[in-house]
Structures are given as structure tokens and as C-alpha cells.
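# Architecture at a glance
Each chain is listed here by its residues.
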Number of protein chains: 4
Amino acid sequence: MIIVLKPEATKKDAQEITRRIAALGLKPLYMPGTERTVLGAIGDERILGKLHIENHPLVERVSPILTPYKLVSRDFHPRDTVVRIGGIPVGGKHFTVIAGPCAVEGPRQMLLTAQAVKRAGAKCLRGGAYKPRTSPYSFQGLGLEGLEILHEVARKVGMPAVTEVVEVGDVAAVERSADAFQVGARNMQNFRLLKALGQSRKPVILKRGMAASVDDLLLAAEYILSEGNPNVILCERGIRTFETATRNTLDLNAIPHIKQHSHLPVIVDPSHGTGVRSYVTPMAKAAVACGADGLLVEVHPNPKEALSDGHQSLDPHEFGRLMKGLRPFVQAAGRRM
Amino acid sequence: MIIVLKPEATKKDAQEITRRIAALGLKPLYMPGTERTVLGAIGDERILGKLHIENHPLVERVSPILTPYKLVSRDFHPRDTVVRIGGIPVGGKHFTVIAGPCAVEGPRQMLLTAQAVKRAGAKCLRGGAYKPRTSPYSFQGLGLEGLEILHEVARKVGMPAVTEVVEVGDVAAVERSADAFQVGARNMQNFRLLKALGQSRKPVILKRGMAASVDDLLLAAEYILSEGNPNVILCERGIRTFETATRNTLDLNAIPHIKQHSHLPVIVDPSHGTGVRSYVTPMAKAAVACGADGLLVEVHPNPKEALSDGHQSLDPHEFGRLMKGLRPFVQAAGRRM
Amino acid sequence: MIIVLKPEATKKDAQEITRRIAALGLKPLYMPGTERTVLGAIGDERILGKLHIENHPLVERVSPILTPYKLVSRDFHPRDTVVRIGGIPVGGKHFTVIAGPCAVEGPRQMLLTAQAVKRAGAKCLRGGAYKPRTSPYSFQGLGLEGLEILHEVARKVGMPAVTEVVEVGDVAAVERSADAFQVGARNMQNFRLLKALGQSRKPVILKRGMAASVDDLLLAAEYILSEGNPNVILCERGIRTFETATRNTLDLNAIPHIKQHSHLPVIVDPSHGTGVRSYVTPMAKAAVACGADGLLVEVHPNPKEALSDGHQSLDPHEFGRLMKGLRPFVQAAGRRM
Amino acid sequence: MIIVLKPEATKKDAQEITRRIAALGLKPLYMPGTERTVLGAIGDERILGKLHIENHPLVERVSPILTPYKLVSRDFHPRDTVVRIGGIPVGGKHFTVIAGPCAVEGPRQMLLTAQAVKRAGAKCLRGGAYKPRTSPYSFQGLGLEGLEILHEVARKVGMPAVTEVVEVGDVAAVERSADAFQVGARNMQNFRLLKALGQSRKPVILKRGMAASVDDLLLAAEYILSEGNPNVILCERGIRTFETATRNTLDLNAIPHIKQHSHLPVIVDPSHGTGVRSYVTPMAKAAVACGADGLLVEVHPNPKEALSDGHQSLDPHEFGRLMKGLRPFVQAAGRRM
């Protein structure tokens, strides 16, 4: 850790801080400069957190040298992690497509979608029973009934099921019905929920928050791993920027960055990442090209009637074309789908 | 609601949609143009949500005319709402300062802070027992024990207490210990929590999320009001932008905007809004100048040792100067503190 | 154009505005609603600009129906435009790679780079003689001497040359030395420069500004086309967001969006778009996958010694691998390189 | 400067870099750590720029200790600079209001505005002759004729004149007609223009770019000062964020930050900063409260007919009320107007 002192800090102030660093068992460094004095601390700086050096009134700035996360870091776990949803691998040489409607609306809608996406080559089925919606006047999901429909349909077509969990109190019910949890962008920093999911061993698809940096996302994953659940799949789904041409700005830079800094698999949600039906396929191709391990795609048998996110959902025919168009890119990436 | 059709939409497509609008009891309008056909719907467009017109493949864009919120809107409730925390009014002619440490660390730290902020003129005491922290390795708050300390100290010094709630499961305990709930930026769209708080009658201080537009904030408040709790105080605490000189970008434009569109009181948190101790006082003055109804300020008896957010906390002496410096601005604003 | 009036606007106010719309030869529409009155204007709304209706104190909001640009729009020019730099086509079925150093540093550096990038398959040579740099203490480019070196080397290796122009006063000199102008992100809204380039017939590579929406970019291109120069190539190079893991956030969503709304070719600059050498290749692959027409890549014979942007420049060997790795994706996209 | 090496860097790599640091006359530091090696350089790190250490393939990250600017820094010039426009001081104990229309439209409009703003207490007159507009189809200003009208009117009413300059080629003409240059947000990084203005001794009002950090703004000012012109006034006018309720997000945090880091005066433009007429006055009050040295306000005799930015312009009556409402806040701030 590098500690830059304010110009008014004296040698005595610097000594007080270096003494506290040494007391924690780290090696302190003293670097008086022409305009500022700089201090360093060599060793596992994560334990320096206890000192709260950034609070010191004579400290101008503190720069950590190491990443703030550890269990998710590639530094400590150089090989790619492969997470299995049901029996389906995500990560490594696989390119895994998870598809289904934004919201479970009923048994017929789910069955039609499940059969269609399976036929087209998707490996897991998604569908939301609990829907976090910006307005209280929007459809909020079928709840428990939705979970049961998803479970039933997934069993019938033989696909693992993925569904969103929004509340600690629902974790047990979701765990019974689904093969993987999804944590939505709005709950990425619902730390109680993350800790509760850390107690499970079922995989967690953790979506990046709209204002979350990649480091924030990795720290959120660290919450789950540090509670004991190693099965985390990260998901890039767009961030909020000034651009309004698309619903969000899909940050594909995050894919090579995550691949370099973490061993966890990472997938892309081009449906939320664009919010526009006709941009889903090109961005799905871009996702595989830049190294993503899979996709989360919204498919609805009749997007015109969808109770949520219809404008960004593909119909089964469009999804079929997406999958067909994707194949040469998956191959170019040296992956199998 | 204004509905812009794609160039390829035919007259028949337009008729299909206007028929559906009319079936809901709204008056449809048909406006064929040179390059696009535009449709309108006159009446309470909020019921149009059921049609999901934005999903229609021949619809290019949908622009609502009215705000998406209703209960929080000044259109339906022209006069300023005054919310009372304990007996303390927030809103109207009052300028109310709520102060205390970021986190409850122990009885002595709380008591020292409470006495100091009361002496300087703060009206309510804040202190966090449940702390949402970006890293799992940071101090997470004292939990129930923290709630008890806060309750005890608040009673002793005779100030109402405000504390953060992060989980539906904690609502009852927080309600017993505090006079107002605080919902943090990360939970602004934790809709289950908002609904649970809507069942209470205790005031809720709802902080704006880091990526939340003012409309998102007002819709989050609408969740609470629509469940029956009218006692919501909005709080601007900075948004996330590209600027890294400050922790967040305090968006004071939001104050006149909220005042124009909503009847709810709105306060400002200059501590999180800047993240820099020496900027708290100038931004507190700016807050009262542009029309805010109060402040939420972090104060710690010894910021150097604070377990969280010490770099942005004032010590009792600095807080005293803030309050003194604030007075002429409160007076200039025609308020009383 | 849709005009939403404030609640306090009377029928007479509405009539005043509809009269002014009709006077311009457009068909006005009057839609009184329950909470707001809405007006419409049917016809080429671009001429409505003269009325400045948005200034009217009783107008709450104005929503245009049509795009604000015309000459760059696919609505008026459905087929893809192919722009030629020297004899090299950009757009259509081609995928065109433009490569070279950020800055021209000397004849040897340029020649080594030019030979290397040509060998690897790049079709055009780039190199900056005028460098806009954030700090006045950074290397500012060789100016005229740099232009001459670029011209000489490009002639020698037989590649068209692309270079940045930053000032109206330099347009003539750059036009003599290079086969295409580049307008950098910081000058995207230097409208005088755009107008001057509109007087030329040489192609202009127009880079998106850091805070520019895609609509702003298309309007900037409209400046050039409306002066008479149809040879514009758009370039996505990343926008500024809160994310600091990468230098900019490369907004690949812009590619399908531009392809849908404009007939102009669009290329991607993954060097500035990421700012990190090891992310250039994955993002180059993503660019071709989502529909871009080419790349602008920084290559330097010895990035360690580069006078600017060395951290994001590839050396000739790395560039060779990029081109090799790109081929299967170019093929998957049905393009030729 | 702190240099963090990649994990794979050897001791020999570190020595190579420290040797290069020492060769420049700085004192190098070597800090081997458990996971990374960190190097330091003590002395005036600005000369380190020549080494381009950030380009080195084994360097992970470089953190400067000192600010990248020098002449604008308070470190080297602790006392507030007061800049004079005509005879009017900006900075120190003064609070200076500069007002006038966005664009010069004609002699009558300018004279009416000038008389009104002078009467209300404004000290300088603004008016644009060259207007940078997003669309080529918007009014672009009267050019030279506008300069003459402004000059004439300013002389007649006895106020110094401020006007925007957009092009190196116009600097001489603007210098003859006006008492201060204004550089607009879109030209903040038009470095050639900044250098040309550095050759003048007339004051420059430098507006912050929409995507510019405060450091970028200070570096842009450094361009002007380093060419010899010390008379720079900074201007906060809002940045571009995801929030669309206002035209820009006025970043008032920038005011205390600039005051702490620079000796230059800084004013606020609440007209562009909000884009909404009714928010101009509250944000003007907030500006003086947080420490700004003045305002730039758009006033038009008849905003309904204004050729640009009418929606955010005040009429003379509204401006009179702004000035009256501002007085108690100016007094509270211990300033005179």
C-alpha cells in the first residue's frame, strides 16, 4: 500500500503511521519527497484495512497495490474454473447458452419456450418468478407459482433451470425449484443475499450492477466465495451511461479484463445489454468473439404479448437464427456449443 | 402516450393498435406523417402498461406524456408534505440536520457523538448497525447490538434515532429501536424491502441509488407510498460519474427538480456526496441554498479511528463550525434550523 | 413533433402554437388530455426548428419524431456506402484494417511499422503528426515534418496514409500529405473543422467524442456531408464512464445501432477503446463479430519507447498475431480482409 | 511516482527501470513485496514523462504522487488570483455576475438585454457571435457582425464584453471586440486554440468539457498559463451523466475541489448546468454558497423567440428576481456583488 501524506505532515506524523504499520507485522517504507512524503507498506496489505489509514487527517491519498479481492483472483487460482448448472458446464472450452422468457407467465408459455430454445441448442432454461420492476405498477412476477411452473417445465424438457432470487427469505424455495440462482443487477450489492447464497452449493449467476465497476462485481463474488460457495458465474449485462440509444451500454471490455484478473466464468446478457431486439444477435456474436463463456438470452413465444421486456425478447424463430448465426463464431473462438 | 410506428407499419397495423387502446377506454389518435405514423392515447395512460405496446415489433418508440409515478407527484398533491421523525419536522419551513457516525461502534462513541451533535444543533441522531460494505473484509456493523446502543443513547440524550435497514427480516427489529428507517443507495431498488417498509408508518429516508435517475428515485418512493406509508423523505447523496476527484458527484440539480415534481421533503448527504471531509461544509451550504429540507451528516468523535468512512466524517469541533457557518445560509433561505 | 404543454397552458395558448405550426406549412394536431394538452406537427419537422417551440414558457417538453439528421440517415439512403481511402474500400463486404503508430516519431520508426503492418495484412497506414495531448508537458507531435515523413513512407511501401487534423489552418497541408483525414474524439464537435473538411473530397474518419451520443456523432457527420463531402467513415473509440479498469468503455452497441440508422461505414479503434495492450485483440474480434467495417489499431516497432500511447500499442509481432487470430472471425462474418 | 510491476517482472527488470530513473537525476526506490514489486521515484516526477514508464510491458500500473499541473496549482501559488475583465475583478472577495443572451441576434436585442442586466447588477455582458451547435441545421451565430454589435452595445452601456472564440483564425478579431474570451465546453481540449489564447493577455473564461474531469480542466488551463497568459477564469457548467431530467449534471463538488487545488477563480454557469429556466436561480444560490466566484447567466429579452437556448434563458424580470434573491446568499458568503 502506498500512502501519500499532505504537504503539512511532519516527519513525526510520518513516524506515527509507520509505527502503526510495523505493529501489524508489515514492513513500512519512508520516502520523503520534494513536495510530498510517501509511505509504503510491504506485505499482505489487506490486513492494513484495520488501521483505516485513509481516515488520517494528514493522509492525502492511499493507493492499494494489490487487488482488494483474493478468492476470485487469478493470482491465487491461475486455472479457469468450470461451474456446472445441473450437469451443464459453464467455462473452459464450452460456450453455454441459457435462454428463456424474462418472466414465467404460465405453463404453456414456459413449455413452448423451453421446447423451442432446447431445439435451437440452448443448454439451460431461464425464467423469472420474482421480478424486480422499477415501477410498482408493473407486473411483479408469479412468485411461488412461477417457481413451480419453471421447475415442472424444466423437468419435462430435461433442462436445468435458472431463476432470479431477490430476497434472503426466498433462498430456500428457489434452491428447491432451480438448478442455479440468478442475482440481478439491482441486488448485486445486496450483501445479505450474497452471504445467504454463499451458504448454498448451487451455482450463482451474479449480474453486474448498473453502476458497478468490474472490481465491485468481483468483490460481490468474493462475498459468495468467502462464505463457502465456489460456484459463481459472473454476468456482464450493461452499465448505465449517458448514451440513451440503447437501454444500457454493454461493456464488453469487461470480458477480457475479468478473464485476466479472475478464474471465474463470465457470460453476457445481450438482451438487457442492448434493450433492442435487433441488436441482440450482433452483440451475442461479439460476446463469444471477445472471450465470454456463454450467453443469457431472453426468448418469448410471443414477444408482442410479453408481460415484461418484450421489446428485447426474441421469438423462437429469431432465437433459432441467432443460434445458427452464432455457430461459426463459436467455432472461430475454438469453443464448442 | 405517444406511439411512433416504424416506417414499414401499414395502416392496418396502426388500426390494430388504436383498437386495443380504445378497448381500454382511452381515446386513440391517428396521425399519419410523411415518414412515420404517430399514434396517441388520451386518458390515464398508466393503464396502458397492460398493453405492452413497446413490445410490438412495428413500434419504434413510445413516449409517455405523464410521469410514471402518481402518489409522490406534486400534480396530485400540490402542497409540501412535512414528515415527522419522532416529533421533529422535516420539510416546510424547517431545515433539519440529522447527524452521527457512519457506524455504531460502541456506547461511548455513540454517546460522545450524540451529545456533541445535539449541542451543535442537530435534531436527529444517525448511526448504522447494519453496514453494506463493498468488500466482505470490511467492518460489517454491530447488528442487533448496534441497534440497542443507538436506541439507548438516543433515549438518553433525547433525540430521535435514524438507522439503516438492509433486509426484510430486520424491519421489525429496526422499527422497535429507531424513529426512522434509512434505506441506503444500494437498496434503493430492493423492492421487497420497500414494500415491507410501506407496511410501517415510521418515516423512511430513501437514499438515491448510484445509478438511479430522479425518476427512478420517485418510483422507488411510490412503492412505499402505494403500500400505505406516506412518510417518505428523499435523500440526494451523489451519483456515479466519470469524475474521480470526489467519491460521488453530488447532483444538487435534483433538489429543484424534485421540489418541482414531488411534494415529498428532500435532504442532502454531503458526506457521501463528496467523500472528502473538507468539502462537506461548502456542499452543506449549497444544499440549503438550492432548496433542500435538511442534511444527513457523518460525525465521529475521532474520525482517525473510525471503522468506516472516517475520511468523510467531521469531528465534533468541525461539525460545530459547519452548523455555525450554515446559519446565515439557512436564514437567507428563509428557513429555521 | 410532439409538444407537451404545461398543466397551466390554456386552450388559447395551444391555439397560438398550432397557428404558428400551420403558418410553416405543417399540419398541426390538437390533443387535449386529462392532465396535459399535447400538440402535434405533421410534416418535415426539421423546419420547425425555426419556431424554437421548446423555448415557450408554457411548453413542458418537445419530442421529435424523426431523427435530427438526414443526409447520413439510412431512411434516405438505404444502401451501404463504401468509402475509398486511396484505392482501398471501407464498407460493404470488406473488413479493412488501418494500422500504425499513435505518433510519427521519425522515418525509421515509420518505415519499420509500415512494412510490418503491410506484411501482416493491414491496408492503410496511420500515424499522427499533430497530437492533441491532455497535458502541455506531453509530446505534441512533429507537425509538418511528421506529415512529410508519413507521406514519404506511405509512398515507399505503397499504402494510403491516414493522419489526424486538429485545426482549420492545417487542412490544406494534411490534404496534400495524406489520403484520409482523421478527426479525433476531442475535435468531434469542432464544427469549423468539420465544415472545412466538408469542402474537401478526401475521406474523413470521424471519431466519436468521449461524451458524444451516437446521435451527436451522426450530427457531426451531417456537418461534413451537408458541406458536400460524402466520404465519411465513423469510428467508435470508447466513451467516458465511471469504469476505470479500462481507459474508455468501448461501446460496441453503437455498431448495430449505427448500421441500422446510417448508411455510412463504421470502424472500431480497440486501442483507445481499451487502453490496454492485451485487450486489443479480443475487442478487435468482437468488433468484426458485431458488424464493424474495419479497425484502427496502434502498432509501434518498440512500444516500450513510444512517445505516446505505448501502453496500448502492439509491437509488430503482436499485430501479426492479432491479424492471424482475426481471420476466422472475418470469415465467420462473411467478410474479406 | 509509484510504479507497480507485474508479478512476472524479475529483479533484473526492476533494476533496468531504477537505472533509467536515476539517470534522470531522480532518486529511485526499490520495494520488493510478497506479490508485486513496487518502485518509486523521488523528485520532480514531471520530468519522468520522458521515460514513458507506463509503456513498459512489465509495468502493471503507474501512480503519480504529484498533480500533473503546476502553474495552476495552489501548491506553487497559495494565494487566490483575481482576474480583471475590463476593470471588473473576478475572484477574491467579489462575486461577479456575467449575463447576456446565448447568441447575439441583433442590436436591439443586445441593447435591451445589456441595459436590463446592468440595471439588475450584472457587471459584465456576454453574447455569442460564433455558436457551436450540435446540428448543422441550427442557427450558427452572426459571426463578425455579431462581434461588432456586442462591442458597440458594451461600449454604449459601459460594461466589459465576454464572447466565445471557437477557432484560432478568429482570435485576433475577438480580441479586438471583447474584453474576455470564452472557450466553450466543446473546445476545452482544442489545444491549438488554448495555445493561441496563451499568447494574448486578455482573460480567458475556460468552460469545463462535458466529459472532462477537474484535472483535465486544470491541465487545459495549464496550456494557457504555460504560454504566458495568467488570466484564466475556470467555469463549471455541468457534465454529462446518465441523468436526463436536466440537460447536464452541474458538478458543484468541483468548486471546493478547485478552490483547494488551484489559485484560479472559478465561476458557475447554472443556465447550461441545468438547461431548465426554473432551476437557474436555486443553482445560482448554491454556487455562491459553495464558494464560487461568480456566475455566467443567460438572459434574453424574449426567451420565447430566442434563436438558441431559450428554454434555459431568463427574461429581464426573472433575472432581476434572481439577483435580488441572490443578495442574502452573497452576504452570507461574506462576499460583495
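On to the overall build of chain A, then. Looking only at helices and strands, one finds 10 helices and 14 strands in chain A. C-alpha atoms of chain A, sized along the principal axes, occupy 75 × 45 × 35 Å. Every one of the 337 residues in chain A was classed for burial, and the buried ones make up 65%. Restricting the contact set of chain A to residue pairs at least 6 apart, pairs at least 24 apart contribute 67%.

Now for the state of the cysteines. Every disulfide links exactly two cysteines, by a covalent bond between their sulfur atoms. Counting across every chain of the model gives zero disulfides over all chains. We note that Cys290(B) lacks a disulfide partner, and the nearest cysteine sulfur, in Cys290(D), lies 9.6 Å from it.

Between the first and last C-alpha of helix α10 (residues 316–332) of chain D there are 25 Å, a value that for 17 residues agrees with the 24 Å anticipated at 1.5 Å per step. The largest bend along α10(D) measures about 30° and falls at Leu326(D), with the proline Pro328(D) one to four residues further on. All of the buried residues along α10(D) are Phe319(D), Leu322(D), Met323(D), Leu326(D), Phe329(D) and Val330(D). In this structure, the buried side of α10(D) is in contact with α9 (277–289) and α10 (316–332) of chain B together with β7 (96–100), α2 (107–120), α9 (277–289) and β14 (294–298) of chain D. Gly334(D) sits one or two positions beyond α10(D) and adopts a positive phi of about 70°.

Once that is clear, we can look at the interface of chain B and chain A. Counting from both sides, the interface comprises 49 residues of chain B and, opposite them, 49 residues of chain A. With both chains or domains summed, chain B and chain A bury close to 3900 Å², and 48% of this area falls on carbon and sulfur atoms. Per-residue buried area on chain B facing chain A is highest for Asn55(B), Arg192(B) and Lys304(B); these three make up 17% of the total on that side. Counting the contacts that link chain B with chain A gives four salt bridges. With a shortest N-O distance of 2.7 Å, Arg240(A) and Asp216(B) are connected by a salt bridge. Across the contact surface, chain B and chain A share 28 residue pairs in polar contact (both at pLDDT 80 or more). Where the side of chain B that touches chain A is concerned, the elements lending two or more residues are α1 (11–23), α5 (191–198) and α6 (214–226) of chain B. The greatest single-element share of the side of chain B that touches chain A, amounting to five residues, is contributed by α6(B). Counted by class, the side of chain B that touches chain A contains 19 nonpolar, 13 polar and 17 charged residues.

A few words now on the interface of chain C and chain B. Between chain C and chain B, the residue contacts involve 24 residues of the former and 24 residues of the latter. For the pair chain C and chain B, the summed buried area comes to about 2000 Å², and 64% of that belongs to carbon and sulfur atoms. Our count for the chain C to chain B interface comes out at two salt bridges. Ionic pairing is found between Asp75(B) and Arg36(C), a salt bridge with its closest N-O pair at 3.1 Å. Here chain C and chain B share four residue pairs in polar contact (both at pLDDT 80 or more) between them. Looking at the side of chain C that touches chain B, the elements that each hand over two or more residues are β1 (2–5), β2 (27–32) and β3 (37–42) of chain C. Of the residues forming the side of chain C that touches chain B, the biggest block, three residues, is contributed by β2(C). Across the side of chain C that touches chain B, the residue classes tally to 12 nonpolar, five polar and seven charged.

With that out of the way, let us pick up the confidence of the model for chain A. Scored by pLDDT, chain A comes out at a mean of 94, with 100% of its residues at no less than 70. If you check the scores for this complex, the pTM reads 0.95 and the ipTM reads 0.95.

Residues and elements named next belong to chain B. The sheet built from four strands is open, its strands ordered β2-β3-β1-β4 with antiparallel pairing. Each of the sheet's edge strands pairs with one partner strand only, and the pair in question is β2 (27–32) and β4 (59–63). In this sheet, adjacent strand axes meet at a mean angle of 20° when their direction is disregarded.

On to the sheet that holds β2(C). Residue and element names in this part refer to chain C. The sheet built from four strands is open, its strands ordered β2-β3-β1-β4 with antiparallel pairing. The open sheet has two edge strands, β2 and β4 (59–63), and neither has a second partner. With strand direction ignored, the average angle separating the axes of adjacent strands in the sheet is 20°.

Before going further, it helps to spend a moment on the relation of the copies chain B and chain A. After a rotation of 180° and a shift along the axis of 0.0 Å, chain B superposes on chain A with an RMSD of 0.0 Å. Within this description, the copies of the chain are treated as partners about a two-fold rotation axis. When C-alpha distances to the rotation axis are compared across chain B, the minimum falls at Ala211(B), with a value of 2.6 Å. Looking at the interface residues of chain B, 100% of them are also at the interface in chain A, so both copies use one shared face.

On to the pattern of salt bridges, then. On inspection of all chains with the given rule, the structure shows 60 salt bridges over all chains. Residue Glu243(D) is joined to Arg208(B) by a salt bridge in which the shortest nitrogen-to-oxygen separation is 2.8 Å. Separated into two different chains, Glu243(D) in the loop between β12 (232–236) and α7 (254–261) and Arg208(B) in the loop between β11 (204–207) and α6 make up a pair that spans both. Accessibility classification places Glu243(D) together with Arg208(B) in one group, the buried group.

Attention now goes to helix α2 (residues 107–120) of chain C. All names here are of chain C. Between its first and last C-alpha, α2 extends 20 Å over 14 residues, near the 20 Å set by a 1.5 Å rise per residue. If you check which residues of α2 are buried, you get Gln 109, Met 110, Thr 113, Ala 114, Ala 116, Val 117 and Ala 120. Looking at the packing, one finds that the buried side of α2 touches β7 (96–100), β8 (124–126), α3 (144–157) and α10 (316–332). Phi turns positive one or two residues past the end of α2, at Gly 121, with a value near 115°.

Rules of the game
Sequence order as written defines the numbering, with residues in each chain counted from 1. Chains carry letters from A onward and ligands carry numbers from 1 onward, assigned in written order. This being a predicted model, a pLDDT of at least 70 is required before a residue's local features are given, and a value of 80 or more before pairs of side-chain atoms are given or counted; all residues contribute to the totals for chains, interfaces and linings. Processing note: side-chain calculations cover all non-hydrogen atoms of the structure and skip hydrogens and water entirely. Numbering goes from the N terminus for both helices and strands, where a helix is a DSSP run of H or I of at least four residues and a strand is a run of E of at least two. Accessibility here uses a 1.4 Å probe with only protein chains present; expressed as a share of the type maximum, an area under 20% marks a residue as buried, one over 50% as exposed, and anything in between as partly exposed. The criterion used for residue contact is that any of the two residues' heavy atoms lie within 4.5 Å. Disulfides are defined in this document as cysteine sulfur pairs within 2.5 Å. Given the number of residues in a helix, its expected span is that number minus one, multiplied by 1.5 Å. Throughout, the bend at a residue refers to the angle made by two axes, fitted to the seven residues ending there and to the seven starting there. As used here, buried area is the combined drop in accessible area, with a 1.4 Å probe, of two parts when they are placed together. One speaks of a salt bridge when a side-chain nitrogen belonging to Lys or Arg is within 4 Å of a carboxyl oxygen belonging to Asp or Glu. Residues adjacent in sequence count toward polar contacts only when both atoms are side-chain atoms; beyond that, a polar contact is any pair of N or O atoms within 3.5 Å, and within protein one must be able to donate a hydrogen and the other to accept it. Basically, the charged four are Asp, Glu, Lys and Arg, the nonpolar ten are Ala, Val, Leu, Ile, Met, Phe, Trp, Tyr, Cys and Pro, and anything else, Gly included, counts as polar. The quantity known as pLDDT measures the predictor's confidence residue by residue, on a range of 0 to 100. For two strands to be treated as a pair, DSSP must find no fewer than two bridges joining them. Convention adopted: a line fitted to C-alpha atoms gives each axis, helices being fitted over their contacting stretch, and angles between N-to-C directions are expressed from 0 to 180 degrees. Only residues with pLDDT of at least 70 in both copies count here: their C-alpha atoms drive the least-squares fit that superposes the copies.

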